[in-house]
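Residues per chain, in single letters:
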Amino acid sequence: MGVEPVPGEPAAVADLDGERALVVADYHAGIEVDLRRDGVELRSRAAERRDRLADLVETETPDRLVVLGDLAHAIGDPGRTEQTELRDLFAALPGDLDVTVAKGNHDGDIDEILSDVDQSVEVTPGHGRRLGPVGFAHGHTWPSPDVLAAEVVCVGHEHPVVRLEDEVGGRRVERVWLRGGLESEPFDSFHDADLAIDGELVVFPAFNDLSGGTWVNVQGQEFLSPFLPEGLADGQAYLLDGTRLGEYRRV
């Protein structure tokens, strides 16, 4: 049982009581269109994103693909470029692969866009879905009590990154995983109930490396999710290659 990152990738494999799932977050198809509106000229990386995910599916041989929200990027009605990217992505995936999308704040019309793909696709409400011992939600809103009762809760939305500095003043930004215990108090308070939470929380890095993120080790940086950082107990940061950085606030 568990959720284990795929070394070197912003993806994990989850054991769902005998069903093997590949889990990713924040694909943000069509993000380049939005960046161009803001004056950032970038060529489309749609093919690279598609091939990277398709290769992971081929390598990891999951029974199910779980996307922790923001599979799409446009908030509201996605344009033709974004719809084409999503249809091309699903055309590159096995037709018998079950897919679960935990609906994110960018996924307004995702149900309609995916209604004619070959795969069996379930789009969950924003509060998420529990599959066996693992709960899945996007993270832009509070997970349901059923999701929070899982042994491991996986969320996206935050796009956690750390700013690293070397001895001569060089800086770089790296995507990271955040892992720790579920701190029950904020969830109990929101749901006005004693949920007896005793699981682990895993905050996924964004699959899309153009989507920016929350600098979790920079003082004064505000989190996006309504339950972070309070809902994460003793949060540890890990690089994509598995390097443990320790408590994320002290990196």
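Residues numbered from 1 in each chain as written. Predicted model: local features only at pLDDT ≥ 70, side-chain atom pairs only at ≥ 80, totals over all residues. Heavy atoms only, no water.

**With respect to the overall build of the protein**
Counting secondary structure elements, the protein contains 6 helices and 15 strands. Here the C-alpha atoms of the protein give a radius of gyration of 17 Å, agreeing with the 18 Å that 2.2 N^0.38 yields for 251 residues. Along the three orthogonal principal directions, the C-alpha set of the protein runs to about 45 × 40 × 35 Å. Going through the 251 residues of the protein one by one, you find that 51% of them count as buried. Taking as baseline every contact in the protein between residues at least 6 positions apart, the subset at least 24 positions apart corresponds to 66%. In the form shown here, the protein has an accessible surface area of approximately 11,500 Å², with 42% of it arising from carbon and sulfur atoms. A gap of 6 Å separates the mean positions of the 22 positive and 50 negative side-chain charges of the protein. (Helix = DSSP H or I, 4+ residues; strand = E, 2+ residues; numbered from the N terminus. Rg over C-alpha atoms; globule rule 2.2 N^0.38 Å. Buried < 20%, exposed > 50% of the residue type's maximum accessible area, 1.4 Å probe, protein only. Contact = heavy atoms within 4.5 Å. Areas by Shrake-Rupley, 256 points an atom, 1.4 Å probe, with all protein chains shown as cover. Lys, Arg positive; Asp, Glu negative; His and termini not counted. Charge placed at Lys NZ, Arg CZ, Asp CG, Glu CD.)

**Regarding the sheet that holds strand β6 (residues 121-124)**
Strand order in this open sheet of 6 strands is β1-β2-β3-β4-β5-β6, and the pairing throughout is mixed. The open sheet has two free edges, formed respectively by β1 (2-5) and β6, since each of these has just one partner strand. Strand-to-strand twist across the sheet, computed as the mean angle between neighbouring axes with direction ignored, equals 20 degrees. Pairing of strand β5 (residues 98-102) with β6 involves 4 bridges; the strand directions are parallel. By the bridge assignment for β6, V99 is matched with V121. Seen against the sheet, helix α2 (residues 46-60) touches β2 (12-16), β3 (19-24) and β4 (64-67) and runs at an angle of roughly 160 degrees to β3. (Pairing = 2+ DSSP bridges. Axes fitted to C-alpha atoms, helices over the stretch in contact; angles between N-to-C directions.)

**What about the packing of aromatic side chains?**
Applying the stated criterion across every chain yields a total of 7 aromatic pairs. Ring plane angle 5 degrees and centroid distance 4.6 Å describe the contact between W142 and F190, whose orientation is recorded as stacked. Here F190 lies in helix α6 (residues 184-191) and W142 lies in the loop between β8 (134-137) and α5 (145-148), a separation of 48 residues in the sequence. Ring pairs connect the aromatic residues W142, F187, F190 and F227, which therefore count as one cluster. In this arrangement the basic side chain of R52 is found over the ring face of F207, its NZ or CZ atom lying 6.0 Å from the centre. (Phe/Tyr/Trp six-rings, centres within 6.5 Å; stacked < 30°, edge-to-face > 60°. Lys NZ or Arg CZ within 6 Å of the ring centre and 35° of its normal.)

**Side note on the pairing of β3**
Relative to β3, β2 runs antiparallel, the two sharing 5 bridges. Residue D15 lies in a different strand from β3, and its bridge partner there is R20. The turn linking β2 back onto β3 is made up of 2 residues, and D17 within it adopts a positive phi angle of 55 degrees. Inspection of the sheet shows β3 paired to β4 by 4 bridges, in the parallel sense. By the bridge assignment, V23 is partnered in β4 with V66.

**A word on the environment of P5**
Following the sequence through the fold, P5 ends up in strand β1. Distance from P5 to V24, taken between C-alpha atoms, is 9.8 Å for residues 19 residues apart in sequence. Not counting the four nearest positions on each side in its chain, P5 is found in contact with A11, A12, W177 and R179.

**Remarks on α6**
Restricting attention to buried positions, one finds in α6 the residues P186, F187 and D188. At its buried positions, α6 is contacted by α5 and β11 (171-182). Positive phi appears at D192, one or two residues downstream of α6, with a value of about 50 degrees.

**Description of α2**
Across its 15 residues, α2 extends 21 Å between first and last C-alpha, which sits within 8% of the 21 Å expected from 1.5 Å per residue. All of the buried residues along α2 are A46, R49, L53, A54, L56, V57 and E60. Buried residues of α2, seen end-on, are gathered within an arc of 155 degrees and therefore sit on one face of the element. The outward face of α2, more than 90 degrees from its buried face, is lined by the exposed residues E58 and T59. Two residues or fewer after α2 comes T61, characterised by a positive phi angle close to 45 degrees. (Expected span 1.5 Å × (residues − 1). Arc of directions from axis to C-beta.)

**Focus on the side chain of R64**
Mapped onto the fold, R64 is located in strand β4. One polar contact links R64 to E19, side chain to side chain, over a distance of 3.0 Å. Look past the residues within four positions of R64 in its chain and what remains in contact with it is L16, E19, R20, A21, L22, L97, D98, V99, T100 and L131. (Polar contact = N/O pair within 3.5 Å; in protein donor to acceptor, adjacent residues only side chain to side chain.)

**Considerations on the pattern of salt bridges**
All told, the structure shown has 15 salt bridges when counted by the stated rule. For R87, the salt bridge is made with D116, and the minimal N-O distance between the two is 3.7 Å. Here the residue R87 occupies a position in helix α3 (residues 80-91), and D116 occupies one in the loop between α4 (110-113) and β6, the gap between them amounting to 29 residues. Overall, R87 belongs to the partly exposed group, its relative accessible area being 34%. (Salt bridge = Lys/Arg side-chain N within 4 Å of Asp/Glu carboxyl O.)

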